[in-house]
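Close look at the chain arrangement
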Amino acid sequence: MRYYLSITIAALFSCYACKQSASPNTRDPYALADTADYKLTETLQGQGGVYLKTEVYTHKKDTSLSYVKVFNYNRQVAAVQFYKRNKKDGPTITYNEKGQRQLGTYYRNDTVIDMHPFNQ
């Protein structure tokens, strides 16, 4: 009986460990969402400002969802920001002049939830 109980407990721990490694509980909130369901709907020129242009992408089915890509004068992405009903909602990633992620800010309903500097 004691042997059976030991095997059962070992099997349960083994199954738990497999489940933990197969599907981690933590998910990177700064991983950019799949953008395949979005289409380019507007391009705004910088008009001599800090940025060359801004591209606006809108979700094909749910038009309350959108994101923007902001480009610097070197034609590199300077920032990506997600919106829901014209309010910041989801990750915003800013990039440095080398194209590396610099700062992540996570918004929910136009309110900052988290800020995360990326180590270069």
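For the structure, check the block above.
Residues numbered from 1 in each chain as written. Predicted model: local features only at pLDDT ≥ 70, side-chain atom pairs only at ≥ 80, totals over all residues. Heavy atoms only, no water.

Our next topic: the sheet that holds strand β6 (residues 101–108). Read from one edge to the other, the open sheet built from 7 strands follows the order β1-β2-β3-β4-β5-β6-β7, with strand pairing classed as antiparallel. Sheet topology places β1 (38–45) and β7 (111–117) at the edges, where each strand pairs with a single neighbour. Averaged over all pairs of adjacent strands, the angle between strand axes in this sheet comes to 15 degrees, irrespective of strand direction. Examined bridge by bridge, strand β3 (residues 65–71) and strand β4 (residues 77–84) share 7 bridges and lie antiparallel to one another. Directly across from Lys69, in β4, lies its bridge partner Val80. (Pairing = 2+ DSSP bridges. Helix = DSSP H or I, 4+ residues; strand = E, 2+ residues; numbered from the N terminus. Axes fitted to C-alpha atoms, helices over the stretch in contact; angles between N-to-C directions.)

Grouped together as the largest cluster of nonpolar side chains are 10 residues: Tyr30, Tyr38, Tyr57, Tyr67, Val80, Phe82, Ile93, Tyr95, Tyr106 and Phe118. Those elements that place two or more of their residues in this core are β4 and β5 (87–95). (Core = buried A, V, L, I, M, F, W, Y, C linked by side-chain atoms within 4.5 Å. Buried < 20%, exposed > 50% of the residue type's maximum accessible area, 1.4 Å probe, protein only.)

Turning next to the pattern of salt bridges. Applying the stated rule across the entire model yields 2 salt bridges. The partner of Lys53 in a salt bridge is Glu55, and the shortest N-O contact between them spans 3.2 Å. Residue classification places Lys53 among the partly exposed residues on the basis of a relative accessible area of 24%. The class for Glu55 is buried, based on a relative accessible area of 10%. (Salt bridge = Lys/Arg side-chain N within 4 Å of Asp/Glu carboxyl O.)

As a further point, take the environment of Leu52. Residue position: Leu52 is located in the loop between β1 and β2 (53–59). With relative accessibility at 18%, the residue Leu52 sits in the buried group. Measuring from C-alpha to C-alpha, the distance between Leu52 and Ala78 comes to 9.9 Å, with 26 residues separating the pair along the chain.

Quick look at the side chain of Gln81 now. Along the polypeptide, Gln81 turns up in strand β4. You can call Gln81 buried: its relative accessible area is 14%. At 2.7 Å, the side chain of Gln81 and the side chain of Tyr83 are in polar contact. The residues contacting Gln81, other than those within four sequence positions of it, are Ser66, Tyr67, Val68, Lys88, Pro91, Thr92 and Tyr107. (Polar contact = N/O pair within 3.5 Å; in protein donor to acceptor, adjacent residues only side chain to side chain. Contact = heavy atoms within 4.5 Å.)

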